[in-house]
Amino acid sequence: MRCPQCGEEMQPGFLQAGNLLAFNRNRHKISLNPRDEGDVVIARKAFGSADFPGFICRGCGLVVFNCRDVLTRL
Ligand SMILES: [Zn+2]
């Protein structure tokens, strides 16, 4: 997959996180709940983890993943 930002070949991998993983319109503490209409909580598990297959661009740092494509626990 080509990076949509810089055009370099992206590296496949997994986006993983602990208690909360979110993509929010305005930056705020990850421990806080979403507060903006555009905030999207991608995963919320009190005692679990999130695990998404995706791609990272080693050139510019862009990460791409599908938040509906969560993997089962290892
Ligand atoms: Zn890139």
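Everything in this summary refers to the structure shown in the same document.

Conventions and cut-offs
- Residues numbered from 1 in each chain as written.
- Predicted model: local features only at pLDDT ≥ 70, side-chain atom pairs only at ≥ 80, totals over all residues.
- Helix = DSSP H or I, 4+ residues; strand = E, 2+ residues; numbered from the N terminus.
- Buried ≥ 20, exposed ≤ 12 C-beta atoms within 10 Å, placed from the backbone.
- Contact = placed C-beta atoms within 7 Å.
- Pairing = 2+ DSSP bridges.
- Axes fitted to C-alpha atoms, helices over the stretch in contact; angles between N-to-C directions.

1. Comments concerning the overall build of the chain
Working step 1: Along the backbone of the chain there are zero helices and five strands.
Working step 2: Mapped from its N terminus to its C terminus, the chain presents α and β elements in the order β-β-β-β-β.
Working step 3: The buried share of the chain, taken over its 74 residues, is 5%.
Working step 4: Within the chain, contacts between residues at least 6 apart in sequence are counted, and of these 51% link residues at least 24 apart.

2. Observations regarding the sheet that holds strand β5 (residues 63-65)
Working step 1: With antiparallel pairing, three strands are arranged side by side in an open sheet as β1-β4-β5. In this open sheet, the two edge strands, each paired with only one partner strand, are β1 (11-17) and β5. Across the sheet, the mean angle from the axis of one strand to that of its neighbour is 45 degrees, orientation sign disregarded.
Working step 2: Looking at chain direction, strand β4 (residues 50-56) and β5 are connected through three bridges and run antiparallel. In the sheet register, isoleucine 56 faces β5, and the bridge partner there is valine 63.

3. Details of the environment of arginine 25
Working step 1: Tracing the backbone shows arginine 25 in the loop between β2 (20-23) and β3 (40-44).
Working step 2: Here arginine 25 falls in the exposed class, since 12 other C-beta atoms lie within 10 Å of it.
Working step 3: Through-space distance from the C-alpha of arginine 25 to that of aspartate 36 is 7.2 Å; in sequence the pair is 11 residues apart.

4. What to know about the environment of methionine 10
Working step 1: Take methionine 10: it is sitting in the segment before β1.
Working step 2: With 53 residues separating them in the primary sequence, methionine 10 and valine 63 have C-alpha atoms 8.7 Å apart.
Working step 3: If we ignore the near neighbours within four places in the chain, the residues touching methionine 10 are Met1, Arg2, Cys3, Phe55, Ile56, Cys57 and Val64.

5. Description of the environment of cysteine 3
Working step 1: Its location among the elements puts cysteine 3 in the segment before β1.
Working step 2: Along the sequence, cysteine 3 and valine 63 sit 60 residues apart, while their C-alpha atoms lie 8.8 Å from each other.

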